[in-house]
Protein chains: 2
Amino acid sequence: MKIAVSGKGGVGKTTIAAGLVSLLLSRGHNVFAVDADPDVSLGTLLGFTPDQIDQLKPIVEMQELIAKKVGGRGGLFTLNPDVDDIVTDYTLRQGQLQFLRMGAVKAGGSSCYCRESSVLNALIAVLLLQDNDFVVLDMSAGIEHLTRGTARGVDLMLIISDPSLVSVKTALVVERLSRELGIQKTMFIGNRIRRPREEDFLSEQLGRKNILGFLPFREEILEQSMEGDYAVNHYEIPGLATIVDKIAANSR
Amino acid sequence: MKIAVSGKGGVGKTTIAAGLVSLLLSRGHNVFAVDADPDVSLGTLLGFTPDQIDQLKPIVEMQELIAKKVGGRGGLFTLNPDVDDIVTDYTLRQGQLQFLRMGAVKAGGSSCYCRESSVLNALIAVLLLQDNDFVVLDMSAGIEHLTRGTARGVDLMLIISDPSLVSVKTALVVERLSRELGIQKTMFIGNRIRRPREEDFLSEQLGRKNILGFLPFREEILEQSMEGDYAVNHYEIPGLATIVDKIAANSR
């Protein structure tokens, strides 16, 4: 199953994506975690060092390799991660986790990330998964990854929203664009909930049946955010396990 | 003076940009407020209705007009908002405020925002300001507007950071890219401060002398964020007036 995590900036996408990856790993799945935002660092939250991440080849370079490999096979091809080293060359591996990133920060004024987005789009489309495999993509803030179609090939668009109107507004736009992209399933997660009426608010705005679950506001994340070690706690986002149960049930 | 407001998603860019615009207006300046993010709504915070904003022509259409107008004048030209209706045609006006937006939300998978970014870049560069005029741009979350060079022509990059390592990390990347773009001045604003040690943290990370000021965490913004009327209070962001004093002093 291929899952993209998106929503307005600052709603908790990367933390939730990392928590999702950790839970899936702890349940014995193979997981491809993809950092699809040149600015954020899903890799750090997953425990890779800055050095390891810096040394990782950016996926744009894959383009030529894929073209070479495809050769006479025409436009239709698949990548089987079990046998195709083209994938393993571009990933950091740790047990059943494989980590890829869209690309590093470029120089100011040098270029956009259109090419990276299009390679990522192709890569997601051609990855041939086994029943036990998951892809989790941590998308950029906002909507351009959707108008570009970067996450076109995912099975589930997981949209994070906190209980604010601006965040809900973005969430609903992301939902609409995901449908236009042809993504089969879109579901919401309500994050940073401090009181019941905030759950009610999100249920009214997004529709209760479209919400996979609610995650609490956690004071300790604010407390630890200056130290940068809040990553160590993401394994235990209260409520996330139930959400993963629902996702796993849906994937069968 | 041309000012861009940037930083990680969710740090308060749009709220601060709107507060800045309001303060500058209340001091008698002419202000061009530019929503440079297709997803957010600076216009709403400034008091325009969704209908007004939807009817606003997107600036990409300006491209041909500018080309036509420039004609024989070659590559170098300026737009004088006092006499050039090319600008007024694409703005919403309210007293001394003129509001422009980069573009509406497009269909999923249709295209990127490269063209919009490049028109915006050109527009900022050619706007001929009077001493009394300000341009305030509310940029997208993250860094792509910088690798694209959208805000190349601004005089001041105002980078917002809350007291978290992830937000600081983005702020420092934005600072570096702004320098690479040739932007003369970059300054930080520390937002969502709840206790003195958070100011200390930001001063250590960003350098005290680079910080224009600190703005407090405001519980009431969270409280009001479900109702969507928190805009009405942005005129009184405590501490922002002092920051605007410093910016105005710098612009002379």
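Above this text you will find the structure in question.
Throughout what follows, the structure given in this document is the object of discussion. (Residues numbered from 1 in each chain as written. Chains lettered and ligands numbered in written order. Predicted model: local features only at pLDDT ≥ 70, side-chain atom pairs only at ≥ 80, totals over all residues. Heavy atoms only, no water.)

Residues and elements named next belong to chain B. Taken together, the eight strands give an open sheet; going across it, the order is β3-β4-β2-β5-β1-β6-β7-β8, and neighbouring strands pair in mixed fashion. In the strand order of this sheet, the two ends are held by β3 (92-94) and β8 (211-216), each with one partner. On average, each strand axis in the sheet is inclined to that of its neighbour by 20°, with strand direction left out of account. Of the strand pairs in this sheet, strand β2 (residues 30-35) and strand β5 (residues 133-138) are connected by six bridges, and their pairing is parallel. Residue pairing for β5: A33 is matched across the bridge by V136. In this fold helix α8 (residues 165-181) packs onto β1 (2-7), β6 (156-161) and β7 (185-193), with an angle of close to 170° to the strand it touches most, β6. (Pairing = 2+ DSSP bridges. Helix = DSSP H or I, 4+ residues; strand = E, 2+ residues; numbered from the N terminus. Axes fitted to C-alpha atoms, helices over the stretch in contact; angles between N-to-C directions. Contact = heavy atoms within 4.5 Å.)

Residues and elements named next belong to chain A. For the structure shown, the criterion picks out two aromatic pairs over all chains. Ring centres 5.6 Å apart and planes at 25° place the aromatic pair F48 and F99 in the stacked group. Taken as a pair, F48 in the loop between α2 (42-45) and α3 (50-55) and F99 in strand β4 (residues 97-101) lie far apart in primary sequence, 51 residues in all. Taking relative accessible area as the criterion, F48 reaches 4% and is therefore assigned buried. Above the plane of the ring of Y90 lies K57, whose end atom (NZ or CZ) is 5.1 Å from the centre. In this structure, R194 packs its charged tip against the face of F217, placed 5.3 Å from the ring centre. (Phe/Tyr/Trp six-rings, centres within 6.5 Å; stacked < 30°, edge-to-face > 60°. Buried < 20%, exposed > 50% of the residue type's maximum accessible area, 1.4 Å probe, protein only. Lys NZ or Arg CZ within 6 Å of the ring centre and 35° of its normal.)

Another aspect to go through is the interface of chain B and chain A. Contact residues are listed per partner, giving 49 residues for chain B and 49 residues for chain A. Carbon and sulfur atoms make up 53% of the surface buried where chain B meets chain A, a total of about 3700 Å² over both sides. The largest contributions to the chain B side of the interface with chain A come from D39, T147 and M226 of chain B, which together make up 19% of the buried area. Counting across the interface, chain B meets chain A through two salt bridges. The partner of R148 of chain B in a salt bridge is E144 of chain A, with the nearest N and O atoms 2.5 Å apart. Linking chain B with chain A are 18 residue pairs in polar contact (both at pLDDT 80 or more), by the criterion used here. Contributing elements (two or more residues each) for the side of chain B that touches chain A: α7 (144-147), α8, α9 (196-206) and α10 (219-224) of chain B. Ranked by residue count, the leading element in the side of chain B that touches chain A is α8 of chain B, at nine residues. Tallied by class, residues from the side of chain B that touches chain A come to 19 nonpolar, 14 polar and 16 charged. (Buried area = accessible area lost by both parts, 1.4 Å probe. Salt bridge = Lys/Arg side-chain N within 4 Å of Asp/Glu carboxyl O. Polar contact = N/O pair within 3.5 Å; in protein donor to acceptor, adjacent residues only side chain to side chain. Nonpolar A, V, L, I, M, F, W, Y, C, P; charged D, E, K, R; others polar.)

Okay, the environment of G43 of chain B next. Residues and elements named next belong to chain B. Of note, G43 is situated in helix α2 (residues 42-45). Separated by 58 residues in sequence, G43 and R101 place their C-alpha atoms 8.1 Å apart. When sequence neighbours within four positions are dropped, the list of residues in contact with G43 reads D35, F48, I53 and F99.

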